[in-house]
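This is what each chain is made of:
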Protein chains: 2
Amino acid sequence: MVKRSYGQFCGVARALELVGERWALLVVRDLLVGPRRYSDLRRGLPGIPTNILASRLKELEAAGIIERDVLPRPASGVVYRLTPLGGELEPVVLALGRWGSRVMTHPLDGEVVTHDSMVMALRTTFRPEAAEGANLVFVLRVGDVVVHARVDDGHLAAAAGPAEAPDLDITAGPLVRDLMAGALSPEDALATGAVAVAGEPALLNRFAAIFAI
Amino acid sequence: MVKRSYGQFCGVARALELVGERWALLVVRDLLVGPRRYSDLRRGLPGIPTNILASRLKELEAAGIIERDVLPRPASGVVYRLTPLGGELEPVVLALGRWGSRVMTHPLDGEVVTHDSMVMALRTTFRPEAAEGANLVFVLRVGDVVVHARVDDGHLAAAAGPAEAPDLDITAGPLVRDLMAGALSPEDALATGAVAVAGEPALLNRFAAIFAI
DNA sequence: CCGGATCCTCGGTGATACTG
DNA sequence: CAGTATCACCGAGGATCCGG
């Protein structure tokens, strides 16, 4: 199996040969949130053909980017996780996410939101300098996707699922993107019902400042 | 023309829909160095089918990433340049280059080096903190490719072609990558003839420190 | 259910030839 | 110089099936 080459001794070209194929970086994006099973990845990548997912996983494993672990019983199953080399792709995914979140104005027809993509969206938009001295826990709900973000003095821990006793619990639609982009003020977001919160409403300003496109 | 979608309202996915297709980011890489004509891009991307290059240029233009300028006479011709939006892809290309330069240990069979890829390699490996207070001009020659780098107190200007009166003129082979990665000491590089210099040989240490993988 | 493998179709890619 | 035209091929997409 001869892998397609760009024929250049160049870091960008070499990187694209390893992770430039379709779906590959989206698999990495989901694995950056945490180890995932085959079926988790399928759910998180609606639309990926199963044979393509299997191919990508094999290629990424052969490239040393992910590794495949067989869980012992009783939790039998297969888990994929990033290797240290794979984890170093985070700056690539974050840079892509930052650029993409600016051109991604509104959802196209049929587009969905997944746990892992939303966690990565929080990480891409996080601005440490706006979070200095902050100690806040946010829960963000879009559709049936729930994620949370713990902000601790310039440091962020974002993960899937809810959090206990958050400072602010945000329920929103895709318009939360406009809020984070500054195209929708927190006041208008609340007034129009585009965003609903449980907790101190003024904290929505902090949220929009800390997670900004 | 229905563009293939990943079906997700996610910045990473949206970015990959626009610049994730084969060759697209390599076109952007070359245009980050400067405006280029169709034939320049063909030369800089050996192996790209001409119809694919034409397709990518149209897609990138439709996405607002590049623009096509028809030059007035007598310098007739067509020039492609990045739009401001396209220029904002630089962090993406640099992140990819940084990651790729680590896995790119040695050139594969038949791989070549181009002007634009080498200029971007200098930009990806540039470490501003190592260049504080420096005021140096390097010329780097690999094969028949010549590029130069002006380092001015933490700031870099790298471009194709030679420079006048450089502080150090470096002639090397692909092993210059090992030098920049710290796998080959400047002394060994000079002693084995892997790298030859004109100028003060001690400046090769500065070069390896300023441009480090 | 989980973790894939198999089959088939279609469209993009690659290579080359050709043209305004 | 700056592309378009043509065609073979292979990987993506989609559905189904299979072993544990």
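Above this text is the structure in question.
Conventions and cut-offs
- Residues numbered from 1 in each chain as written.
- Chains lettered and ligands numbered in written order.
- Predicted model: local features only at pLDDT ≥ 70, side-chain atom pairs only at ≥ 80, totals over all residues.
- Heavy atoms only, no water.
- Helix = DSSP H or I, 4+ residues; strand = E, 2+ residues; numbered from the N terminus.
- Rg over C-alpha atoms; globule rule 2.2 N^0.38 Å.
- Buried < 20%, exposed > 50% of the residue type's maximum accessible area, 1.4 Å probe, protein only.
- Contact = heavy atoms within 4.5 Å.
- Lys, Arg positive; Asp, Glu negative; His and termini not counted.
- Charge placed at Lys NZ, Arg CZ, Asp CG, Glu CD.
- Near = heavy atom within 4 Å.
- Polar contact = N/O pair within 3.5 Å; in protein donor to acceptor, adjacent residues only side chain to side chain.
- 1 Å grid on protein atoms, 1.4 Å probe; cavity = no way out; pocket = protein on both sides within 12 Å on 5 of 7 lines; lining within 4 Å.
- Points joined across faces, edges and corners; volume = space filled by probe spheres on them.
- Nonpolar A, V, L, I, M, F, W, Y, C, P; charged D, E, K, R; others polar.
- Least-squares fit on C-alpha atoms with pLDDT ≥ 70 in both.

Here we look at the overall build of chain A
Right, so step 1: Counting secondary structure elements, chain A contains 10 helices and 8 strands.
Right, so step 2: The C-alpha atoms of chain A give a radius of gyration of 19 Å, which matches the 17 Å a tight globule of 213 residues would have.
Right, so step 3: Each principal axis of the C-alpha distribution contributes one length, and for chain A these read about 60 × 45 × 35 Å.
Right, so step 4: In chain A, which comprises 213 residues, the share counted as buried stands at 49%.
Right, so step 5: Of all intrachain contacts in chain A linking residues separated by at least 6 positions in sequence, the fraction that spans at least 24 positions is 60%.
Right, so step 6: Here chain A holds 22 positive side-chain charges and 25 negative ones, and the gap between their average locations is 9 Å.

A look at the protein's contact with DNA strand C
Right, so step 1: Inspection of the region around DNA strand C gives 20 residues, with Thr50, Arg68 and Tyr80 of chain A together with Arg22 and Arg56 of chain B positioned closest.
Right, so step 2: Sugar and phosphate atoms represent 65% of those atoms of DNA strand C found within 4 Å of the protein.
Right, so step 3: Lysine 58 of chain A places a side-chain nitrogen or oxygen 3.4 Å from a phosphate oxygen of DNA strand C.
Right, so step 4: Here arginine 68 of chain A contributes a side-chain N or O atom positioned 2.6 Å from a phosphate oxygen of DNA strand C.

What to know about the layout of surface pockets
Right, so step 1: Taken as a whole, the largest pocket spans an internal volume of roughly 810 Å³.
Right, so step 2: Around the largest pocket, the lining comprises 33 residues; the ones closest to its centre are Arg22 of chain A together with Arg4, Gly20, Glu21 and Arg22 of chain B.
Right, so step 3: Elements represented by at least two residues in the lining of the largest pocket include exactly α1 (11-19) and α4 (50-62) of chain A together with α1 (11-19) and α4 (50-62) of chain B.
Right, so step 4: Ranked by the residues each element gives to the lining of the largest pocket, the list is headed by α4 of chain B, at 6 residues.
Right, so step 5: Its residues assigned to classes, the lining of the largest pocket shows 15 nonpolar, 3 polar and 15 charged.

Quick look at the relation of the copies chain B and chain A
Right, so step 1: For the match of chain B to chain A, the screw axis carries a shift of 0.0 Å, the RMSD comes to 0.0 Å, and the turn is 180°. Such a turn and shift between the copies fits a two-fold axis. Taking C-alpha positions as the reference, the residue of chain B nearest the rotation axis is valine 92 of chain B, at 3.0 Å.
Right, so step 2: Most of the interface of chain B is mirrored in chain A, where 100% of its interface residues again form contacts.

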